[in-house]
Amino acid sequence: MKQADILLLAHLLPDVFDPATLARAYDYYEPRTAHESSLSAAPHGVVAARLGRADAALAFLSRAARYNLDYTPREDYRNGLHLSAYAGAWQILVEGFLGATPVDKDTLALAPRLPPAWRELTVPLAYQGRRLIVCLRHDGPSVRLLSGTKLRVRVEDA
């Protein structure tokens, strides 16, 4: 199959799938997916990160970030870049590794999952009119509000 829509659904609606169901769906669909779509890496990478499968998530991050460089045939570039692949790489970082999930207009939840080989991940974010920087290290995340009103950050177990 070109892409696994059930994993896209799990990516977009993370509260719908319990961890065991999510793992079964990933284990079933991932090896059967051709990943020929620029849209495929993001949901697979985010779900892999949520499942604690850092190596798989990193492979999908690389696939998304390099999609235009690795894409063949190159003459298809006359149609433009696959910006969705770059957006997918961003989603793997923010939704997968940071575990960022909006709760309400004043609360952002983080369920951090920093890959073991990484020392830190620092990402600028915009949330409900606020600008902030989230820095994730193995001892936990830190958040610096750059502009906007006070923001509650809830850190959850990944």
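Use the structure listed above.
Note that the structure is a prediction, hence the values are computed from the model and not measured. (Residues numbered from 1 in each chain as written. Predicted model: local features only at pLDDT ≥ 70, side-chain atom pairs only at ≥ 80, totals over all residues. Heavy atoms only, no water.)

Draft legend 1. Highlighting the environment of aspartate 27. Along the chain, aspartate 27 turns up in helix α2 (residues 19-29). In sequence terms aspartate 27 and alanine 4 are 23 residues apart; their C-alpha atoms lie 11 Å from each other. (Helix = DSSP H or I, 4+ residues; strand = E, 2+ residues; numbered from the N terminus.)

Draft legend 2. Main features of the sheet that holds strand β1 (residues 101-104). Across the sheet, which stays open at both edges, the three strands sit in the order β1-β2-β6 with mixed pairing between neighbours. Looking at strand neighbours, the two that pair on one side only are β1 and β6 (152-155), the edges of this open sheet. Going across the sheet, the axis of each strand differs from the next one's by a mean of 30 degrees, ignoring polarity. Pairing analysis gives three bridges linking β1 to strand β2 (residues 107-110), with the strands arranged antiparallel. Paired with aspartate 104 across the two strands is threonine 107, which belongs to β2. (Pairing = 2+ DSSP bridges. Axes fitted to C-alpha atoms, helices over the stretch in contact; angles between N-to-C directions.)

Draft legend 3. Structural view of the nonpolar core. Of all hydrophobic cores here, the largest spans 34 residues; its most connected members are Phe97, Leu108, Leu121, Leu125 and Leu132. Going through the elements one at a time, α1 (5-12), α2, α3 (41-50), α4 (54-65), α6 (83-97), β2, β3 (120-127) and β4 (130-137) are the ones with two or more residues in this core. Not counting residues up to four positions away in its chain, the partners in contact with leucine 121 are Leu93, Phe97, Leu98, Leu114, Val134, Cys135 and Leu136. (Core = buried A, V, L, I, M, F, W, Y, C linked by side-chain atoms within 4.5 Å. Buried < 20%, exposed > 50% of the residue type's maximum accessible area, 1.4 Å probe, protein only. Contact = heavy atoms within 4.5 Å.)

Draft legend 4. Geometry of the packing of aromatic side chains. This structure, assessed with the given rule, holds two aromatic pairs. In this structure, arginine 32 packs its charged tip against the face of tyrosine 28, placed 3.8 Å from the ring centre. (Phe/Tyr/Trp six-rings, centres within 6.5 Å; stacked < 30°, edge-to-face > 60°. Lys NZ or Arg CZ within 6 Å of the ring centre and 35° of its normal.)

Draft legend 5. Inspection of the sheet that holds β3 at higher detail. The three strands are arranged β3-β4-β5 in an open sheet whose pairing can be described as antiparallel. Here the strands that pair on one side only, and so sit at the sheet edges, are β3 and β5 (140-147). When the angles between neighbouring strand axes are averaged without regard to direction, this sheet yields 20 degrees. Sheet topology note: the β3/β4 ladder contains eight bridges and is antiparallel. What sits directly across from threonine 122, in β4, is cysteine 135. Contacts from α6 reach β3 and β4 within the one sheet, and its direction differs from that of β3 by about 95 degrees.

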